[in-house]
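Chain by chain, the residues:
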Amino acid sequence: AERMEAKFHLRNKELQAANHFLSEAKQQLHKLNEVLEIRVQERTAALAAAAEESRKISEQLQQSQKMDAIGRFAGGMAHDFNNLLTVINGYTDIVMEEMAEADPMRKHVAHIRKAGSQASRLTRQLLAFSRQQVVQLRPTDLNQVVTEVRNLVGRLIGEDIEVTVDLMSDAG
């Protein structure tokens, strides 16, 4: 009976040691599971951030493509418009050369030529934009521009309406 009790006692100790080992293994598994959960959350957040960055880059690409298409369209339109202006300005020059200095219509033809020149400058700017060229900036007399626009608007709206502008006395 003693032998049986010693065997039972030995088995009991072995079972306690196995239980202790299983308990420690369970704790280690629990810790590893927590670490894995944290890593999964970190990776998920990183993937979400990457997806958001990819979406933003895609939007920027689409916007860039739209701007490129607008530039090409503006370039095509400006090129066609420039061809028309070349004809208008050329014929205006011919008419001006054939007109006498005292001809009352000469002033009107000169206004047409001036408007054609302004339109040509604008067209060059559109062409430069469509080719993404750097435009050379130069000083502009704003008083002169406003006066020209006032004269043009005055002729368009008629004599019933008065256009008044307040120009700077010294733009320098």
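Residues numbered from 1 in each chain as written. Predicted model: local features only at pLDDT ≥ 70, side-chain atom pairs only at ≥ 80, totals over all residues. Heavy atoms only, no water.

S.K.: How would you explain the overall build of the protein if you had to name every residue and give the values?
M.R.: The secondary structure content of the protein amounts to 3 helices and 0 strands. Secondary structure elements of the protein occur, N-terminal to C-terminal, as α-α-α. Referenced to the eigenvectors of the C-alpha coordinate spread, the extents of the protein come out at roughly 145 × 35 × 30 Å. Across the 172 residues in the protein, those meeting the buried criterion constitute 11%. For the protein, the share of sequence-separated contacts (at least 6 apart) that also reach a separation of at least 24 residues comes to 55%. A total of about 15100 Å² of accessible surface is found on the protein, and carbon and sulfur atoms cover 59% of it. (Helix = DSSP H or I, 4+ residues; strand = E, 2+ residues; numbered from the N terminus. Buried < 20%, exposed > 50% of the residue type's maximum accessible area, 1.4 Å probe, protein only. Contact = heavy atoms within 4.5 Å. Areas by Shrake-Rupley, 256 points an atom, 1.4 Å probe, with all protein chains shown as cover.)

S.K.: Tell me about the environment of I112, and name the residues and values.
M.R.: Note that I112 resides in helix α2 (residues 106–130). Spatially, the C-alpha atoms of I112 and T92 are 7.4 Å apart, while their sequence positions differ by 20 residues.

S.K.: Tell me about the pattern of salt bridges, residues and numbers included.
M.R.: In this structure the tally under the stated criterion is 6 salt bridges. Each of E52, R55 and E59 takes part in salt bridges that share partners, so that together they form one network. (Salt bridge = Lys/Arg side-chain N within 4 Å of Asp/Glu carboxyl O.)

S.K.: Mind laying out the confidence of the model for the protein, listing which residues take part and the relevant values?
M.R.: Averaged over all residues, the pLDDT of the protein equals 86, while 92% of them reach at least 70. Mean pLDDT values over the elements of the protein span from 76, in helix α3 (residues 142–157), up to 91, in helix α1 (residues 2–98). (pLDDT = per-residue confidence, 0-100.)

S.K.: Give a detailed account of a nonpolar patch on the surface, specifying residues and quantitative values.
M.R.: A grouping of V145, V149, V153, I157, I161 and V163 is seen on the molecular surface, where their side chains present a nonpolar patch of about 420 Å² in accessible area. On the secondary structure map, V153 appears in helix α3. (Patch = residues over 30% accessible without salt bridge, like charges linked within 9 Å, V, L, I, M, F, W, Y side chains within 5 Å.)

S.K.: Which residues make up the environment of E101, and what values go with them?
M.R.: Relative to the helices and strands, E101 is located in the loop between α1 and α2. Within the structure, E101 has its side chain in polar contact with the side chain of R106 (distance 3.3 Å). (Polar contact = N/O pair within 3.5 Å; in protein donor to acceptor, adjacent residues only side chain to side chain.)

S.K.: Mind laying out α1, listing which residues take part and the relevant values?
M.R.: For α1, with 97 residues, the first-to-last C-alpha span of 141 Å sits near the 144 Å given by 1.5 Å per residue. Buried within α1 are the following residues: G71, A74, G75, A78, L85, N89, T92 and M96. (Expected span 1.5 Å × (residues − 1).)

S.K.: Provide a residue-level description of the side chain of R106, including the pertinent values.
M.R.: In this structure, R106 sits in helix α2. For R106, a relative accessible area of 16% corresponds to the buried category. Residues within four places of R106 in sequence aside, it is in contact with M96, M99, A100 and E101.

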